[in-house]
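Here is what each chain is made of, one letter per residue.
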Amino acid sequence: PSTSQENDNDRSPSPSVQQSILNQCSELHSSIMPLNTSLQGPLAKNSDKGTSLPFVFLVGNHSSGKSSFINYVLGRPVQTAGVAPTDDCFTVIAPGPQDVDQDGPALVGDPDIGFEGLRQFGPTLIHHTQLKVRENIRNQDFMIIDSPGMIDSPVNYGGMVGNNSKDRSSTSSAIMDRGYDFQGVVRWMAERADVVLLFFDPDKPGTTGETLNILLHSLGGMDHKLLIVLNKADQFKKIHDFARAYGSLCWNLSKVIPRKDLPRIFTMCLPVASSTDGEAKSATTTEALDQRALADLHQTRDDVLAEVMKAPKRRIDNVITNLHDSVHLLLMHAVVAEDVRSRYSKRQWENRIQEGSSLILGIGLAGLGIHFNVALEFTGGLVVATMIGVGGMHWFNSSKLKDVEDQLTSIEELSASFQRTHPQEVSEADEFYSAIWARIRDQLRLSLWRTGLSDFPAVSK
């Protein structure tokens, strides 16, 4: 009985059931997109539309072994590998009946593949993407996407963007130094990927600022499908060299991962040559590491490979997780925005009542003066004084209302609104809601500022 139960648990749903689940999730996701558009919410355009095949997304430092790992997974050389940066394109590698290469415009223009959403990042990105269809590769039911190796440019002081506007303005050129929003593209890819691999290597164990910036701003909330890989671990000749590099990587990761417990780091190496008996050798001689250490690295590599090959099975889990995540992002965006808008509206109506009351009072007094045959000079002067007074009051209230709007849309007041609308979660120190808030805060502030609180649509519960 126990064996049959285990087999039942391991059994995957039939293809028709899987497609039905995917279609229902897509319909539910599409149903919340109008609200997201109305509120200028945090969900990206076309985020409810997936790609034609599941895919694995690789990102990391240059010369960290991404291309070599892709060739290893595919079982044939497709990507060019080298010590120096060898490719500046996002490369989509898909299975097919014959080898075909397509440029970026053809890839993005094909609605059946599912990458038309990349148009939002501009023509520079489109011309830095490409599609490689290959036959006789291992991944017959999923795609692999390689990304440009990350490296700090001279204008970037480490790649880390601060929280204040001065820091953001000083690094705007660094964010766009590739000619497109690299952070945004990585985020777009990672949200749709079924497995994300973040590669580091012994020479740059987390010290590249752009890589840490990507981990902080583009891969946040991807823990369920993110694998951190320290590749080329067979290059260490002494154990303290490995300890130093591993410790440096953990130290740098701790700066951008707000948790006490760091995620697992997969330390591995790739076979790069074959001996006469057909067994693969590692990139270095056996003097670098003993056979037990190499066996452990090879086992870890097999673990990573197994996760990569599970990409099709993880598609349903990731689609459901993405739907759950999107609903919570949009819900929090709407709730906090409505709290801010209602407070602004309350102040606005107080001003209107004040101005209206003053106007009614002045006109009423003038009417009483006319009724009791008071001199027209007095009643006329009272009307003029009332109009001038109400006009001045309106000007004063408008200027103060602008100050109130600036105050309500500040980071401090938005955080106060979050605490006010989610008291139970805040009191329980719920990290899930804290992480959701950290992800939508800047987008919410931008949406409120762009639309204006007076024109921001109301949300009914």
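Right above here is the structure, for reference.
Source: prediction; values computed, not measured.

> Would you explain the environment of L197 in this entry?
Inspection of the secondary structure puts L197 in strand β6 (residues 195–200). Here the alpha-carbon distance between L197 and E307, two residues 110 residues apart in the chain, equals 10.0 Å. Apart from residues lying up to four places away in sequence, L197 is in contact with V56, F57, L58, V59, F69, L227, V304 and V308.

> Looking at this model, I keep getting lost on the pairing of strand β4 (residues 129–134). Mind explaining?
Regular strands place their side chains on alternate faces of the sheet. Counting buried residues in β4 gives 5 out of 6 residues, a clear majority hidden from the surface. With 6 bridges connecting them, strand β2 (residues 90–95) and β4 associate as parallel partners. Within the sheet, the bridge partner assigned to T91 lies in β4 and is Q130. Note that strand β3 (residues 100–103) and β4 share 4 bridges and pair antiparallel. Looking at the pairing, D101 lines up with K132 of β4.

> Help me understand the pattern of salt bridges, please; the structure alone is not making it clear to me.
As a working rule, side chains carrying opposite charge can pair if their charged atoms are close by. Scanning the model with the defined rule gives 16 salt bridges in all. A salt bridge links D303 to R264; its shortest N-O distance comes to 3.7 Å. With D303 in helix α11 (residues 291–309) and R264 in the loop between α10 (239–254) and β8 (265–267), this residue pair connects regions lying 39 residues apart in the sequence. For D303, a relative accessible area of 26% corresponds to the partly exposed category. Through salt bridges with shared partners, one network takes in R187, E191 and R192.

> Explanation requested: the sheet that holds β3 in the structure shown.
Hydrogen bonds along the backbone pair up the strands of a sheet, which may run parallel or antiparallel. Here 8 strands make up an open sheet; going across it, the order is β3-β4-β2-β5-β1-β6-β7-β8 and the pairing mixed. The outermost strands of the open sheet, each flanked by one partner alone, are β3 and β8. If you compare each strand with its neighbour and ignore which way they point, the axes differ by 20° on average. With 3 bridges joining them, strand β7 (residues 226–230) and β8 adopt parallel strand pairing. The partner of I228 across the bridge, within β8, is I265.

> Is there a simple way to think about the packing of helix α12 (residues 311–371) against helix α13 (residues 376–408) in this case?
Between two packed helices, what matters for the description is the angle formed by their axes and the separation of those axes. Two elements in contact, α12 and α13, have axes whose closest approach is 9 Å; the angle formed by their N-to-C orientations is 175°. Considering their axes alone, α12 and α13 lie roughly antiparallel with respect to each other. Partitioned by chemical class, the residues of the contact of α12 with α13 number 15 nonpolar, 10 polar and 4 charged.

> Would you explain unusual backbone geometry in this entry?
Only a minority of non-glycine residues have a phi that is not negative, and only a minority of peptide bonds are not trans. Phi is positive for S63, close to 55°, though the residue is something other than glycine. For S63, a relative accessible area of 15% translates into the label buried. Here N136, not a glycine, exhibits a phi torsion of approximately 55°, which is positive. With respect to the secondary-structure elements, N136 resides in the loop between β4 and β5 (143–146).

> Please clarify how the nonpolar core should be interpreted in this entry.
One recurring pattern in soluble globular proteins is that nonpolar side chains are buried together. Residues F57, F90, F115, L118, M189, L219 and L253 are the most contacted members of the largest nonpolar core, which totals 44 residues. When residues of this core are assigned to their parent elements, the largest contribution, 6 residues, is made by helix α8 (residues 182–192). In contact with F57, not counting residues within four places along its chain, are F90, I145, S147, V186, M189, A190, A193, V195, V196 and L197.

> What am I meant to see in the packing of α12 against helix α14 (residues 411–421) here?
Put simply, α12 and α14 touch, their axes get as near as 9 Å, and they point 110° apart. When the axes of α12 and α14 are compared, the pair comes out roughly perpendicular. The chirality of how α12 crosses α14 is right-handed. Between α12 and α14, the residues in contact are M332, V335, V336, D339, V340 and R343 and E413, L414, S417, F418, R420 and T421, respectively. A per-class count over the contact of α12 with α14 returns 6 nonpolar, 2 polar and 4 charged.

Criteria and cut-off values
- Residues numbered from 1 in each chain as written.
- Predicted model: local features only at pLDDT ≥ 70, side-chain atom pairs only at ≥ 80, totals over all residues.
- Heavy atoms only, no water.
- Helix = DSSP H or I, 4+ residues; strand = E, 2+ residues; numbered from the N terminus.
- Contact = heavy atoms within 4.5 Å.
- Buried < 20%, exposed > 50% of the residue type's maximum accessible area, 1.4 Å probe, protein only.
- Pairing = 2+ DSSP bridges.
- Salt bridge = Lys/Arg side-chain N within 4 Å of Asp/Glu carboxyl O.
- Axes fitted to C-alpha atoms, helices over the stretch in contact; angles between N-to-C directions.
- Parallel < 35°, antiparallel > 145°, perpendicular 65-115°, else oblique.
- Nonpolar A, V, L, I, M, F, W, Y, C, P; charged D, E, K, R; others polar.
- Core = buried A, V, L, I, M, F, W, Y, C linked by side-chain atoms within 4.5 Å.
- Left-handed = near helix turned anticlockwise from the far one by under 90°.

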